[in-house]
Amino acid sequence: MVNLTMVTPLKQPIVFELEGFDVAQGYSPFFFFLAMLAYTVVLLGNGVVVCVIITDKSLHRPMFVMVCHLVVCDLLGVTAVLPRIMMHFLTGQKRIPYIPAITQAFFVHTYGVLVQTILGVMAYDRYIAVCEPLRYHGIMTSARLHSCCALAWFVALLLIAVLFGTHMNVPLCSQTIQHVYCSNRAILNLACVPTPVNNIYGLSMSWTLSTAVFLIITFSYIKILQASLKRDQSNNSSRNKAFQTCGSHLAVYVLFSIAAVTIIISHRFPSVTSNLKKFFSILYIIVPPAINPIIYGLASKDLRASIIKHFRVCHKK
């Protein structure tokens, strides 16, 4: 005789309990301060960049428009996670209703996909700018620019909408999410039944997208390198400008990839503590958005000069 234990699925309204960080008593205010500081840095850095680009008409160029889209994407990811973590540290509140949990998970995954699609579009823009400089403005018209940006958002939202569409009618048998924020896998780990469709689609989508973006960026930079080396050796200024412009884009891509790979590697080692794994998953959300404004501010002479000019004007007032 096989003893089958019947598990009763949860009924709406479902309220999840986030496992959160295992913090020693008395240290919560300190971690709240760190989370608030990180959120403030991200908001200020990205807020300055987007405000300067919007107000300075000389920066209304394809590269800076795409930087604005990347900034909005970064703010989307950070805002989906950090405010609730701050509330957890401040009040100890770990409960999150079903709809807010799905919403948070949706935006976290949208952030991860959208960063890649925007970086893919930016690689295409840099390829045209360096390899076809005389035809650049004819190719990258305002209509094509906005179409490319809209396509990046549409692809990201569509892929994640399909991913979460597979959540429909999946019964859940537990309420404890073993993470600091909600994600697709963290929620479906609570399912009463296997979820092979979501698993297969999620893995296929992630690997296909990552590979496609990697190939686009690799192809673009090989062509950019070839075009730069073929130019007149005496024309160092244009070559340096091309490398400087593309370097910021490549640095952002490498930083995001390192953050993502760090999470994957940490989950492959059982010896890594649960708190450390959760910490790495937070860095994936915080570090790229915090450092990206610095990368573009240092790499782009025009953006840096505009930021300094705006601060001087504000200081005089």
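Along each chain, numbering runs from 1 in the same order as the chain's sequence is written. Side-chain atom pairs in this predicted model are given and counted only at pLDDT of 80 or more, local residue features only at pLDDT of at least 70, and totals for whole chains, interfaces and linings cover all residues. For the side-chain quantities, the full set of heavy atoms in the structure was used; hydrogens and water were omitted.

*Asks:* Help me understand the sheet that holds strand β1 (residues 15–18), please; the structure alone is not making it clear to me.
*Replies:* Backbone-to-backbone hydrogen bonds pair the strands of a sheet. The strands run either parallel or antiparallel. Overall, mixed pairing links the three strands, which are arranged β2-β1-β3 in an open sheet. The outermost strands of the open sheet, each flanked by one partner alone, are β2 (95–97) and β3 (176–177). Any two strands with at least two DSSP bridges between them are considered paired. Think of it this way: any DSSP run of H or I at least four residues long counts as a helix, any run of E at least two long counts as a strand, and we number them from the N terminus. Taken together, the three bridges between β1 and β2 define a ladder with antiparallel strand orientation. Bridge assignment links Phe-16 to a residue of β2, and that residue is Ile-96.

*Asks:* In this structure, what is going on with helix α3 (residues 98–131)? I would like to understand it.
*Replies:* Every α-helix winds through 3.6 residues per turn, so residues three or four apart in the chain are directed the same way. How far a helix is expected to stretch is found by multiplying one less than its residue total by 1.5 Å. Between its terminal C-alpha atoms α3 stretches 49 Å, which fits the 50 Å expected from 34 residues at 1.5 Å a residue. Throughout, exposure labels follow a simple rule: accessible area from a 1.4 Å probe, protein chains only, divided by the maximum for the residue type, with under 20% read as buried, over 50% as exposed, and the rest as partly exposed. In terms of residue burial, α3 counts as a mostly covered element, since 24 of its 34 residues are buried.

*Asks:* It is not clear to me how the pattern of salt bridges should be interpreted in this structure. Could you clarify?
*Replies:* Two side chains bearing opposite charge may form a pair once their charged atoms approach each other closely. For this document, the term salt bridge refers to a Lys or Arg side-chain nitrogen within 4 Å of an Asp or Glu carboxyl oxygen. Using the criterion set out here, one finds four salt bridges in the structure. A salt bridge links Glu-19 to Lys-278, with the nearest nitrogen and oxygen atoms 2.7 Å apart. Taken together, the positions of Glu-19 in the loop between β1 and α1 (28–55) and Lys-278 in helix α9 (residues 274–299) put the pair 259 residues apart, joining distant regions of the chain.

*Asks:* Explanation requested: the packing of α1 against helix α2 (residues 62–91) in the structure shown.
*Replies:* For any two helices packed against each other, the geometry is given by the interaxial angle and the distance between the axes. Axis geometry follows a simple rule: fit a line to the C-alpha atoms, using only the stretch in contact for helices, then measure angles between N-to-C directions, giving values from 0 to 180 degrees. One way to put it is that α1 packs onto α2 with a least axis distance of 9 Å and a crossing angle of 160°. The pairing of α1 with α2 is recorded here as roughly antiparallel in orientation. The two elements α1 and α2 cross, and the hand of that crossing is left-handed. Oblique is the label for any angle not covered by the other classes, which are roughly parallel (under 35 degrees), roughly antiparallel (over 145) and roughly perpendicular (65 to 115). Helix crossings are classified by the rotation of the near helix relative to the far one: an anticlockwise turn of less than a right angle makes the crossing left-handed, while a clockwise turn makes it right-handed.

*Asks:* How do you make sense of the layout of surface pockets when you look at a structure like this?
*Replies:* Rolling a probe over the atoms, with the probe sized like a water molecule, indicates the empty space that remains. Here a cavity means grid points, on a 1 Å grid over the protein atoms only, where a 1.4 Å probe fits yet cannot get out; a pocket means an open set of points with protein on both sides within 12 Å along at least five of seven lines; lining residues are those with an atom within 4 Å of a point. Grid points are joined across faces, edges and corners, and a volume is the space filled by probe spheres set on the points. The calculated volume of the largest pocket comes to roughly 1,700 Å³. Along its surface, the largest pocket is lined by 43 residues, and His-109, Arg-185, Ser-206, Ile-263 and Ile-264 are the ones closest to its centre. For the lining of the largest pocket, the secondary-structure elements that each account for two or more residues are α3, β3, α6 (184–188), α7 (196–230), α8 (236–266) and α9. At eleven residues, α7 tops the list of elements feeding residues into the lining of the largest pocket. Note on residue categories: nonpolar means Ala, Val, Leu, Ile, Met, Phe, Trp, Tyr, Cys or Pro, charged means Asp, Glu, Lys or Arg, and polar means any other residue, Gly included. The residue inventory of the lining of the largest pocket, partitioned by class, reads 19 nonpolar, 19 polar and five charged.

*Asks:* Is there a simple way to think about empty space enclosed by the protein in this case?
*Replies:* For the structure shown, the criterion picks out four cavities of 30 Å³ or more. Taken as a whole, the largest cavity spans an internal volume of roughly 70 Å³. Along the walls of the largest cavity sit Leu-18, Gly-20, Arg-84, Ile-85, His-88, Gln-93, Lys-94 and Val-180, which together make up its complete lining. It is α2 that contributes the most residues to the lining of the largest cavity, three residues altogether. Residues belonging to the lining of the largest cavity are distributed by class as follows: three nonpolar, three polar and two charged.

*Asks:* Help me out: how do you make sense of the packing of α2 against helix α5 (residues 142–165) in this one?
*Replies:* Running from amino to carboxyl end, α2 crosses α5 at an angle of 20°, the nearest separation of the two axes being 10 Å. Here α5 runs roughly parallel to α2, going by the angle between their axes. The hand of the α2/α5 crossing is right-handed. Residues Pro-62, Val-65, Met-66, His-69 and Val-72 of α2 pack against Leu-145, Cys-149 and Trp-153 of α5. Only heavy atoms enter the contact rule, under which two residues are in contact if any of them lie within 4.5 Å.

*Asks:* I'm lost on the confidence of the model for the protein in this one. Help?
*Replies:* You can read pLDDT as the predictor saying how much it trusts each residue, on a scale of 0 to 100. Residue-level pLDDT values for the protein average 84, and 91% of them are 70 or greater. For the protein, per-element mean pLDDT is lowest for α8, which scores 74, and highest for α5, which scores 94.

*Asks:* Just checking my understanding: could you explain the nonpolar core for this structure?
*Replies:* Nonpolar side chains tend to gather and get buried jointly when the protein is soluble and globular. In this structure, Phe-16 and Leu-303 are the most contacted members of the largest nonpolar core, which totals 90 residues. Sequence-distant contacts of Phe-16, that is, excluding residues within four places in its chain, are made with Lys-94, Arg-95, Ile-96, Pro-97, Tyr-98, Ala-101, Leu-172, Ser-174, Gln-175, Ile-177, Ile-187 and Leu-190. We call a set of buried residues a nonpolar core when its members are Ala, Val, Leu, Ile, Met, Phe, Trp, Tyr or Cys and they connect through side-chain atoms within 4.5 Å of each other.

*Asks:* Help me out: how do you make sense of the state of the cysteines in this one?
*Replies:* Think of a disulfide as a covalent bridge from one cysteine sulfur atom to another cysteine sulfur atom. When two cysteine sulfur atoms lie within 2.5 Å, the pair is treated as a disulfide. Scanning the model with the defined rule gives one disulfide in all. Shown here is the disulfide that connects Cys-173 with Cys-192, its sulfur atoms set 1.5 Å apart. Residues Cys-173 and Cys-192 are joined by a disulfide whose S-S torsion is about 110°; by sign, that bridge is right-handed. Taken together, the residues span a long stretch of sequence, with Cys-173 in the loop between α5 and β3 and Cys-192 in the loop between α6 and α7 at a distance of 19 residues. With a relative accessible area of 22%, Cys-173 lands in the partly exposed category. Free of any disulfide, Cys-51 has its nearest cysteine sulfur in Cys-68, 9.0 Å distant. Classification of Cys-51 as partly exposed rests on a relative accessible area of 46%. The cysteine Cys-149 is free of any disulfide, with Cys-148 supplying the nearest cysteine sulfur at 6.9 Å.

*Asks:* How do you make sense of the packing of aromatic side chains when you look at a structure like this?
*Replies:* Aromatic rings considered in pairs are described by the distance between their centres and by the relative angle of their planes. Stacked, edge-to-face and tilted are the three classes for Phe, Tyr and Trp ring pairs, Trp counted by its six-membered ring, which pair at centre distances within 6.5 Å; planes under 30 degrees apart are stacked, over 60 edge-to-face, the rest tilted. Per the stated rule, a full pass over the model turns up eleven aromatic pairs. Geometrically, the ring pair formed by Tyr-111 and Phe-256 is edge-to-face, given 6.3 Å between the ring centres and 75° between the ring planes. Of the two residues, Tyr-111 sits in helix α3 while Phe-256 sits in helix α8, which places them 145 residues apart along the sequence. Residue classification places Tyr-111 among the buried residues on the basis of a relative accessible area of 0%. Its relative accessible area of 5% is what places Phe-256 among the buried residues.

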